[in-house]
Amino acid sequence: IECVGIYRGYQGLIEGDFEDLSARSVRNIINRGGTFLKSARSQEFKTKEGRAKAHAQLVKNQIDALVLIGGDGTFTGGMLFNEEYNAPILGIPGTIDNDIDGTMYTLGYDTALNTVVDAIDRIRDTASSHDRLFFIEVMGRDCGHIALNAGLGAGAEEILIPEANRGLEQLLESLERSRKTGKSSSIVVVAEGDKTGKSVFQLAEYVEENLPNYDIRVSVLGHMQRGGAPTCFDRVLASRMGVKAVESLMEGKSNYMVGMIKDEIVITPIIDAIKGKSSVDSELMRVCEIMST
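This section reports on the structure supplied with the text. These figures come from a predicted structure and were not determined experimentally.

**Side note on helix H3 (residues 72-85)**
Moving on, step 1. Look at H3: 20 Å from first C-alpha to last across 14 residues, which is about the 20 Å you get at 1.5 Å a residue.
Moving on, step 2. When H3 is considered as a whole, its buried residues turn out to be Phe 75, Gly 77, Gly 78, Met 79, Phe 81 and Asn 82.
Moving on, step 3. For H3, the secondary structure elements touched by its buried residues are helix H1 (9-15), helix H2 (48-60), strand E3 (66-70), strand E4 (89-93), strand E9 (256-261) and helix H9 (270-275).

**As for the sheet that holds strand E10 (residues 264-269)**
Working definition: the strands of a sheet are paired by backbone hydrogen bonds and lie parallel or antiparallel to each other.
Moving on, step 1. Strand order in the open sheet formed by four strands is E3-E4-E9-E10, and the pairing between neighbours is mixed. Whereas interior strands pair on both sides, the edge strands pair on one side only; in this sheet they are E3 and E10. When the angles between neighbouring strand axes are averaged without regard to direction, this sheet yields 30°.
Moving on, step 2. In the sheet, E3 pairs with E4 via five bridges, with the strands oriented parallel. If you follow Leu 66 over to E4, its bridge partner there is Ile 89.

**A word on the packing of helix H4 (residues 109-130) against helix H5 (residues 145-153)**
Moving on, step 1. Viewed as axis vectors pointing N to C, H4 and H5 meet at an angle of 50°, and their least axial separation amounts to 9 Å. Put simply, H4 runs oblique to H5. In terms of crossing hand, the pair formed by H4 and H5 is right-handed. Contact residues: H4 offers Tyr 109, Ala 112, Leu 113, Val 116, Val 117 and Ile 120, while H5 offers His 145, Ile 146, Asn 149 and Ala 150.
Moving on, step 2. Among the residues forming the contact of H4 with H5, the class breakdown is eight nonpolar, two polar and no charged.

**Some words on the pattern of salt bridges**
Moving on, step 1. All told, the structure shown has 12 salt bridges when counted by the stated rule.
Moving on, step 2. For Asp 118, the salt bridge is made with Arg 122, and the minimal N-O distance between the two is 3.0 Å. Placement of the pair is Asp 118 and Arg 122 together in helix H4, with a separation of four residues, close to one helical turn.
Moving on, step 3. Between Arg 240 and Asp 263 there is a salt bridge, and its shortest N-O distance comes to 3.3 Å. Of the two residues, Arg 240 is situated in helix H8 (residues 232-250) and Asp 263 in the loop between E9 and E10; the sequence distance between them amounts to 23 residues.

**Let's talk about the sheet that holds strand E6 (residues 158-160)**
Moving on, step 1. Read from one edge of the open sheet, four strands run E6-E7-E5-E8, paired in parallel fashion. Either end of the sheet is taken by a strand with one partner, and the two such strands are E6 and strand E8 (215-220). With strand direction ignored, the average angle separating the axes of adjacent strands in the sheet is 15°.
Moving on, step 2. Direction of pairing for strand E5 (residues 132-138) relative to strand E7 (residues 186-191): parallel, over a ladder of six bridges. Paired with Leu 133 across the two strands is Ser 186, which belongs to E7.
Moving on, step 3. Packing of H5 onto the sheet brings it into contact with E5, E6 and E7, and relative to E6 it is tilted by some 175°.

Each value, and the rule that gives it
- Numbers given for residues are sequential positions, taken from 1 along each chain in its written order.
- The model is predicted, so local features are restricted to residues of pLDDT at least 70 and side-chain atom pairs to those at 80 or more, both for listing and for counting; the totals for chains, interfaces and linings are taken over all residues.
- Based on all heavy atoms of the structure, the side-chain values leave hydrogens and waters out of the count.
- For helices the rule is a DSSP run of H or I covering at least 4 residues; for strands it is a run of E covering at least 2, with both sets numbered from the N terminus onward.
- Working rule for helices: expected span equals 1.5 Å times residues minus one.
- Each residue is placed in one exposure class: buried if its accessible area under a 1.4 Å probe, protein chains only, is under 20% of its type's maximum, exposed if it is over 50%, and partly exposed if it falls in between.
- Contact criterion: two residues are considered in contact whenever any of their non-hydrogen atoms come within 4.5 Å of each other.
- Any two strands are treated as partners once DSSP identifies two or more bridges connecting them.
- Every axis in this analysis is a line fitted to C-alpha atoms, fitted for helices over the stretch in contact. Angles between the N-to-C directions lie between 0 and 180 degrees.
- Between 65 and 115 degrees an angle is taken as roughly perpendicular, under 35 as roughly parallel, over 145 as roughly antiparallel, and anywhere else as oblique.
- By convention, the crossing between two helices is left-handed when the near helix turns anticlockwise from the far helix through less than a right angle, and right-handed when the turn is clockwise.
- We call Asp, Glu, Lys and Arg charged. Ala, Val, Leu, Ile, Met, Phe, Trp, Tyr, Cys and Pro are nonpolar, and the rest, Gly among them, are polar.
- The salt bridge criterion pairs a side-chain nitrogen of Lys or Arg with a carboxyl oxygen of Asp or Glu, the two atoms within 4 Å.

Okay, here's the thing in structure tokens:
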């Protein structure tokens, strides 16, 4: 089997931006974050004309199958391409939000978690020394996996996620209770998709107006969560998923996504992965409630 790398996703596929890859040409990349093949959104691929150009490039370069690394958008585009041209596709979930069904972990999620925990640990030093309440916004537009796990791992006093709308009054009561028990500093981890406030800044302003005894600061971690060297867990997971994807294609399978369920590498129909919705662990939420009291 010969491997070809396609730069810049579907846009590179349309433009024929390919490079032959071998074991030697990808040496020394295992410790690098992100992808050396880069990434790009492609409006052109959303059109029939664009997908026709992409198919022509596959035929021209004698490429028999595609391995797609990405999320819902990548997989949806791949399914449409398969329907039109019967090109075999296998998906590998790559998104730090961990919001794809059919796998317990997506590539990049564990690395992002460790990055967030390290940042919160550093912020806590400032919070403790200056007796401050910090609102820390982390990624998670539609789900709270990062906020929930990083918040628990970093010992946050409060964790706000889209799946559990605590409400402003409940947040105020909890923070006031913490203050009365002697806590002079606190960490509140907020997923960007949480609806407790219109934004993390307005949420902080509301708390400051109602609890003036707190000295409040806001920190938005942003794209820092996407960078850095991958953790050992992510490196091993990527290797296992890559092998499974290639072996599945060799077996004649198509329109599946590789995932990990209970430490076993499995494949799930891509349509199920797209339509399904990952959910946060209710037991983990219960543990967070206990640990924050």
